[in-house]
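A closer look at the structure
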Amino acid sequence: DVVGGNLALASLTTDAPGTTQVYGGRVTTTGVQTYNDNVVLGDDTTFKTTNAAITFTTATSAVNAVGHAVFFDTGTGAVSAQNVNNDFNQVNVTSAGAVTVIDKNAMTVGSASVTSILARTLSGDLSLGGNVSASGTGIAITLVAKDNFKNLANHNLTTANGRWLIYSTSPVADTRGALLTEAYNFKMYGTTFGTALPAAATGNGVIYSAIP
């Protein structure tokens, strides 16, 4: 363990400006973790709480995890990592409530068990590196690739109470794998993330910015 070994910390808050360096292992608290400064990972790292939130402050806390995997394990706690300078490699979620992760480059979403998840790349591909299960209602899984969506190993999206949406550029360069044979309800072109979908676009959907 890195922080909060056999006896978890009550909470953890870092100050901005500055940098928190984590050299792998686990950061464990019973309560919230709030990162107000940049976070640099030197190895695979797990951020763990007991049903409490983990927040990387949007304006001041960018995560640099190049070459390393990140694991979130928060029970029902939310995870927010929305700084536009985040550079994740692979994000996995052992357990969490609502998860929002933004990456400035390509990113892989690994295995995840969540209430809901929004994962978005601002450039590059978004790859599915594990099965993702979301228990929430409404749009429970949103995967947004600035370039292309890749599901090379036939992973699945499961939304027992809601639906999933995938945003990408074009079906020509996508690899949807097992999602080609899973039931999706609609396919749409000429639409980007953030644009309101028509009322008829219900259920699971694949949405492309290109116009065929």
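What comes next is a walk through the structure. (Residues numbered from 1 in each chain as written. Predicted model: local features only at pLDDT ≥ 70, side-chain atom pairs only at ≥ 80, totals over all residues. Heavy atoms only, no water.)

Spatially, three strands are ordered β2-β5-β8 in an open sheet, and the strand pairing comes out parallel. The sheet is open, and its two edges are formed by β2 (19-22) and β8 (63-64), each paired on a single side. Of the pairings in the sheet, the one linking β2 to strand β5 (residues 38-41) comprises four bridges and is parallel in character. Its bridge partner being in β5, Thr19 is matched across the sheet by Asn38. (Pairing = 2+ DSSP bridges. Helix = DSSP H or I, 4+ residues; strand = E, 2+ residues; numbered from the N terminus.)

Take the packing of aromatic side chains next. By the definition in use, this model includes seven aromatic pairs. Aromatic pair Tyr35 and Phe56: ring centres 4.9 Å apart, planes at 15 degrees, arrangement stacked. Taken as a pair, Tyr35 in strand β4 (residues 33-35) and Phe56 in strand β7 (residues 54-56) lie far apart in primary sequence, 21 residues in all. Just as Tyr35 is buried, Phe56 falls in that class too. Measuring from centroid to centroid gives 5.6 Å for Phe47 and Phe56, while their planes differ by 90 degrees, and the two rings are edge-to-face. By relative accessible area, which is 1% here, Phe47 ends up buried. For Phe56, a relative accessible area of 1% gives the class buried. Ring-pair connections join several aromatic residues into one group, and the members of that group are Tyr35, Phe47, Phe56 and Phe72. (Phe/Tyr/Trp six-rings, centres within 6.5 Å; stacked < 30°, edge-to-face > 60°. Buried < 20%, exposed > 50% of the residue type's maximum accessible area, 1.4 Å probe, protein only.)

Now for the sheet that holds β7. Spatial strand order, β1-β4-β7-β10-β12-β14-β17-β20-β22-β21: 10 strands in an open sheet with parallel pairing. The open sheet terminates on both sides in strands that have one partner only, identified here as β1 (12-14) and β21 (186-188). Direction aside, neighbouring strands of the sheet carry axes that sit 10 degrees apart on average. As paired elements, strand β20 (residues 162-168) and strand β22 (residues 205-208) share four bridges and run parallel to each other. Residue pairing for β22: Tyr167 is matched across the bridge by Ile207. (Axes fitted to C-alpha atoms, helices over the stretch in contact; angles between N-to-C directions.)

Functional significance is not addressed by these values, which are geometric in nature.
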